[in-house]
Amino acid sequence: MRVAVLGHIRHPIARPFAGGMEAHCWHLVHALEARGHEVTLFAAGDSEVEVALHPVIETHYDREMPWADWHGTAAFNAFQDGAFARILPALDGFDVIHNNSLHRYPPRLARRDRLAMVTSLHVPPFAPLDRTVRGAAAPWALFTTCSERQREVWWPGGAPRAAHVVANGIDPAAWPYRERGGAGAVWAGRIAPNKAPHLAIAAARRAGLPLTLFGAVEDRPYYEDRVRPFLGGDIRHAGHLSGAALAAEMGRGDVLLFTPDWDEPFGLAAAEGMACGLPVAATDMGATREVVGEAGRLAPRGDAAALARALRAAMEIPRPVPRARVERLFTLERMVAEYEDLYARAMSGRDAPAPGIAFFDIELPARRRLPA
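Conventions and cut-offs
- Residues numbered from 1 in each chain as written.
- Predicted model: local features only at pLDDT ≥ 70, side-chain atom pairs only at ≥ 80, totals over all residues.
- Heavy atoms only, no water.
- Helix = DSSP H or I, 4+ residues; strand = E, 2+ residues; numbered from the N terminus.
- Rg over C-alpha atoms; globule rule 2.2 N^0.38 Å.
- Buried < 20%, exposed > 50% of the residue type's maximum accessible area, 1.4 Å probe, protein only.
- Contact = heavy atoms within 4.5 Å.
- Areas by Shrake-Rupley, 256 points an atom, 1.4 Å probe, with all protein chains shown as cover.
- Lys, Arg positive; Asp, Glu negative; His and termini not counted.
- Charge placed at Lys NZ, Arg CZ, Asp CG, Glu CD.
- Arc of directions from axis to C-beta.
- Polar contact = N/O pair within 3.5 Å; in protein donor to acceptor, adjacent residues only side chain to side chain.
- 1 Å grid on protein atoms, 1.4 Å probe; cavity = no way out; pocket = protein on both sides within 12 Å on 5 of 7 lines; lining within 4 Å.
- Points joined across faces, edges and corners; volume = space filled by probe spheres on them.
- Nonpolar A, V, L, I, M, F, W, Y, C, P; charged D, E, K, R; others polar.
- Phe/Tyr/Trp six-rings, centres within 6.5 Å; stacked < 30°, edge-to-face > 60°.
- Pairing = 2+ DSSP bridges.
- Axes fitted to C-alpha atoms, helices over the stretch in contact; angles between N-to-C directions.

This part takes up the overall build of the chain. Across its full length, the chain holds 14 helices and 13 strands. Its C-alpha atoms give the chain a radius of gyration of 21 Å, near enough to 21 Å, the size a compact globule of 372 residues would have. Summarising its shape, the C-alpha atoms of the chain cover approximately 65 × 40 × 40 Å along the three principal directions. Residue burial in the chain is summarised as follows: out of 372 residues, 55% are buried. In the chain, once contacts between residues fewer than 6 apart in sequence are set aside, the share between residues at least 24 apart is 69%. Counting only carbon and sulfur atoms, one obtains 51% of the accessible surface of the chain, whose full area is about 15500 Å². Across the chain, 42 positive and 43 negative side-chain charges occur, with their mean positions spaced 3 Å apart.

Turning next to helix α8 (residues 220-227). The complete set of buried residues in α8 reads Tyr222, Tyr223 and Val227. One side of α8 holds all its buried residues, which, seen down the axis, span an arc of 100°. Pointing more than 90 degrees away from the buried face of α8 are the exposed residues Pro221 and Asp225. Taken together, the buried residues of α8 touch α7 (197-207), β9 (211-214) and β10 (235-237). Between the side-chain oxygen at the start of α8 and the backbone nitrogen of Tyr222 there is a gap of 2.9 Å, and the oxygen is on Asp219.

Taken as a whole, the second largest pocket holds about 240 Å³ of empty space. Every residue lining the second largest pocket is listed: Ala137, Ala138, Pro139, Leu142, Pro160, Arg161, Ala162, His164, Arg345 and Pro355. Of the residues that constitute the lining of the second largest pocket, the class distribution is 7 nonpolar, 1 polar and 2 charged.

Right, let's get into the side chain of His37. Relative to the helices and strands, His37 is located in the loop between α1 (20-34) and β2 (38-43). In terms of polar contacts, His37 uses its side chain to reach the side chain of Glu340, at 2.7 Å. Residue contacts for His37: discarding those within four places in its chain leaves Met1, Val3, Leu32 and Glu340.

Turning our eyes to something else, we now look at the packing of aromatic side chains. In this structure the tally under the stated criterion is 7 aromatic pairs. Taking the centre distance of 5.4 Å and the plane angle of 85° together, the rings of Phe266 and Phe330 count as edge-to-face. Of this pair, Phe266 sits in the loop between β11 (255-258) and α10 (268-275) while Phe330 sits in the loop between α13 (320-329) and α14 (332-348), placing them 64 residues apart in sequence. Neither residue differs from the other here; Phe266 and Phe330 are each classed as buried. Among the aromatic side chains, those forming a connected cluster through ring pairs are Phe143, Trp154 and Trp155.

Mapped onto the secondary structure, Ala238 falls in the loop between β10 and α9 (243-251). Accessibility expressed as a relative area gives 27% for Ala238, which makes it partly exposed. C-alpha separation for the pair Ala238 and Arg312, spaced 74 residues apart in sequence, amounts to 23 Å. Those residues in contact with Ala238 that lie beyond four places of it in its chain are Thr212, Leu213 and Phe214.

The strand order across the open sheet built from 6 strands is β10-β9-β8-β11-β12-β13, with neighbouring strands paired in parallel fashion. Two strands lie at the open edges of the sheet, namely β10 and β13 (296-299), each paired on one side alone. Between one strand and the next, the sheet's axes are offset by a mean angle of 20°, whatever the strand orientation. Here strand β12 (residues 280-283) pairs with β13 via 4 bridges, running parallel.

Here it is as structure tokens:
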């Protein structure tokens, strides 16, 4: 199968990963290639992958146009619209397109031109993409969310037949199981308000446990105000590590703190820690309950005292429990196999009758053919 994978262009698809979306996309393209497909990744030109790369833009946009400062502005929208409009002609000739871009043009293109496409919705709804999703679903234009919770968030009145749940997957071999920890609590993720590492610090201090934070500083003012002043002693920030180094450090932990302060679509860091054998103490937000299951204990949002109690309770969970949950539900092999089934479904649906009239609030740019 010739597969085009469209990546989000805020960060490069490269190690060390800026976040879960980048990790998902990197592992997806390499797993598809390993399974015999011919894969082309459409992403920022400074991505580092071992498959064919078609740059959407030369360099990821967050370097010059940080999302925190630019999102929602007319200039930023025009920049992204122009970038994705320019690649539309290059999407001809693929058997199927897997769209992870979070941009409004690809699903509209698929609906209009009957291109087989699977669009993965990695975040909660936001207005431009939400409007597109509601007009673009078709037998050949399918959608996935990474949890049942997120499918409910995107379609609170009931999901269409084109909407499916495919849980994120990881390679368990890349997150080796360790029978014992000893290093206390660990936390991993982007250091930003919606990931709430400050809450992890407060809970660890209440529970009297050492805590090591891993991750890139995404929001510098937040870090300087809510995180850095509370580091010291048994609480430290160990920086942004690559996969193998992070897996080794995670495996040394006794328990993972997972503290989303938003409608978490999945929680890849939780699955990675669980694969290493770490039980999880988490805030009960978004899909956290769905992912952690019997491998963790939950606390209400923003409640450091309750999270400290959950932390102590989670440490009583035997380490084989979280590992087994990952091997049963959240492997890369299972995820890619489910995507392949949806690719086949989208391809076979291209000749199906259109489900009603597609309504979009903007005109999609003409898809000019590339010169031969």
